[in-house]
Amino acid sequence: MRRIFRRHTRRGKTLAQDVPPILQEANFAFDKGEYGRAGELFEKIADTAAARGGPRAPLFYLQAGRARIFAGQTTLGVPSLRRGLELLAQREQFPRLQKAGTRVISELNERGLQKEASEMEMWLRNVLPSAPSSDSLVKRPALPMHCPSCGAGVRPDEVEWLDDVTAECAYCGSPIR
């Protein structure tokens, strides 16, 4: 008999059990450049997460919005981006809001959506507290480009760090070293 190696999460479940197939499919579609499909899937995930008050709902809305913008569907993407940022503000996750807002504004500008970027920038200035965040001053080790569990892209400046060498995947919650 062949033994299957399984990594365990903090809760003792295997990672494959923790990651919903729709999330894996959404990340795969995004990485393949199928942005319209990825946007649809991330919107479904975001709506489900938001309905139950899930902590990752803002991230899923942001990713849905990014996918829609990348697909050229600005009218569908901007509301998702705004909803993700609003949820971060409501939850007073200001360091994450600052990072995500900066990224959203940058990507909108890169796509030639200056009007939308300007609106987001003005909103962000009104919502964020005036004190700068000290989180960006901490040097962290390199992480893999994708989560080994769900396949999501990993951005070291946007993950939640569990300790000095371990981060938590923002999408599925798996530890990443």
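Conventions and cut-offs
- Residues numbered from 1 in each chain as written.
- Predicted model: local features only at pLDDT ≥ 70, side-chain atom pairs only at ≥ 80, totals over all residues.
- Heavy atoms only, no water.
- Helix = DSSP H or I, 4+ residues; strand = E, 2+ residues; numbered from the N terminus.
- Contact = heavy atoms within 4.5 Å.
- Polar contact = N/O pair within 3.5 Å; in protein donor to acceptor, adjacent residues only side chain to side chain.
- Phe/Tyr/Trp six-rings, centres within 6.5 Å; stacked < 30°, edge-to-face > 60°.
- Buried < 20%, exposed > 50% of the residue type's maximum accessible area, 1.4 Å probe, protein only.
- Disulfide = S-S within 2.5 Å.
- pLDDT = per-residue confidence, 0-100.
- Pairing = 2+ DSSP bridges.

With that out of the way, let us pick up the environment of Asp163. Structurally, the position occupied by Asp163 is in the loop between β1 (160–161) and β2 (167–168). The sequence separation of Asp163 and Arg177 amounts to 14 residues, and the corresponding C-alpha distance is 9.8 Å. Look past the residues within four positions of Asp163 in its chain and what remains in contact with it is Arg140 and Arg177. In this structure the side chain of Asp163 is engaged in a polar contact, spanning 2.9 Å, whose partner is the backbone nitrogen of Val165.

As a further point, take the packing of aromatic side chains. A full pass over the atoms with the stated rule returns five aromatic pairs. Summarising the aromatic geometry, the rings of Phe42 and Tyr171 are spaced 6.1 Å apart at their centres and angled 50° between planes, so their arrangement reads as tilted. Of the two residues, Phe42 is situated in helix α3 (residues 35–51) and Tyr171 in the loop between β2 and β3 (175–176); the sequence distance between them amounts to 129 residues. Residue Phe42 shares its accessibility class with Tyr171, and that shared class is buried.

Under the counting rule described, the total for this entry stands at zero disulfides. With no disulfide of its own, Cys169 has Cys147 as its nearest cysteine by sulfur position, at a separation of 3.7 Å. Cys172 carries a free sulfur, and the closest cysteine sulfur to it, the one in Cys147, is 3.8 Å from it. Given a relative accessible area of 9%, Cys172 falls into the buried group.

On to the confidence of the model for the protein, then. Considering every residue of the protein, the mean pLDDT works out to 85; 85% of them sit at 70 or more. Within the model, pLDDT remains below 50 along residues 1–16, and this stretch shows 17 contacts once partners closer than five positions in the same chain are excluded.

Our next topic: the sheet that holds β2. Strand pairing in a sheet takes place through backbone hydrogen bonds and is either antiparallel or parallel in direction. Taken together, the three strands give an open sheet; going across it, the order is β1-β2-β3, and neighbouring strands pair in antiparallel fashion. The open sheet terminates on both sides in strands that have one partner only, identified here as β1 and β3.

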